[in-house]
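So the chains spell out like this:
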Amino acid sequence: PDASLYLLLGADQAVSLPSWHRWQEIVKATTISVADRAHPQSARGTFRSQLSALGFLPRFELLELPPTSISATEIRRRVASGQSIGELVLPAVAGYIAQHHLYRTV
């Protein structure tokens with residue numbers, strides 16, 4: 001009950017958060033940590049204004065990360081198509097995804 005929960009998201013997913021199932025509960029229970037590699041200030045404004053318009057002002061922090069070409073969307077796409085993700089994620093992450101059959105369509 002006393003734990004601090006953080007939801008780590010890319011900016012693209014942060015702006016789509018209101019389309020998630022039970023998103024209001026997520027916003028109330030967590031600090032939203034948004035990573036935007038391209039335009040951090042615009043992501044902050046877009047995300048905050050979108051949730052504010054819906055009646056929520058989340059606990060929010062912007063993560064400033066170095067540029068990278070790795071995206072969660074690409075990782076999910078590769079896993080779904082049976083391609084390797086070994087060069088995109090740590091071995092422990094690849095193992096967890098495989099063990100729990102995440103992102104597979106079958």
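Provided above is the structure to which this section pertains.
The model shown is predicted, which means the values in this text are computed figures rather than measured ones.

(A) View of unusual backbone geometry. You will see that His101, though not glycine, has its phi angle at about 55 degrees, which is positive. Along the chain, the position of His101 falls in the segment after helix 5 (91-99). Classification of His101 by relative accessible area gives exposed; the value is 57%. The phi dihedral of Tyr103 falls on the positive side, at around 70 degrees, and the residue is not glycine. Among the structural elements, Tyr103 can be located in the segment after helix 5. Given the relative accessible area of 39%, Tyr103 is considered partly exposed.

(B) Molecular detail of the side chain of Ser33. Summarising the element assignment, Ser33 is placed in strand 2 (residues 30-35). The exposure class of Ser33 is buried, given its relative accessible area of 0%.

(C) Broad picture of the environment of Thr31. For Thr31, the location among the structural elements is in strand 2. Separated by 26 residues in sequence, Thr31 and Leu5 place their C-alpha atoms 6.3 Å apart.

(D) The sheet that holds strand 2, seen in detail. Spatially, 3 strands are ordered 1-2-3 in an open sheet, and the strand pairing comes out parallel. Pairing within the sheet leaves two strands with one partner each, and these edge strands are strand 1 (5-10) and strand 3 (59-63). Each strand axis lies, on average, 25 degrees off the axis of its neighbour in the sheet, ignoring direction. Taken together, the 5 bridges between strand 2 and strand 3 define a ladder with parallel strand orientation. The partner of Ile32 across the bridge, within strand 3, is Phe60.

(E) Region of interest: the pairing of strand 2. Burial within strand 2 is extensive, with 6 of its 6 residues counted as buried. Residues Thr30, Ile32 and Val34 of strand 2 are buried on one face, and the alternating residues Thr31, Ser33 and Ala35, pointing to the opposite face, are buried as well. Note that strand 1 and strand 2 share 6 bridges and pair parallel. Directly across from Gly10, in strand 2, lies its bridge partner Ala35.

So, how was this worked out
Residues numbered from 1 in each chain as written. Predicted model: local features only at pLDDT ≥ 70, side-chain atom pairs only at ≥ 80, totals over all residues. Heavy atoms only, no water. Helix = DSSP H or I, 4+ residues; strand = E, 2+ residues; numbered from the N terminus. Buried < 20%, exposed > 50% of the residue type's maximum accessible area, 1.4 Å probe, protein only. Pairing = 2+ DSSP bridges. Axes fitted to C-alpha atoms, helices over the stretch in contact; angles between N-to-C directions.

Function-wise, these values are silent; they only describe arrangement.
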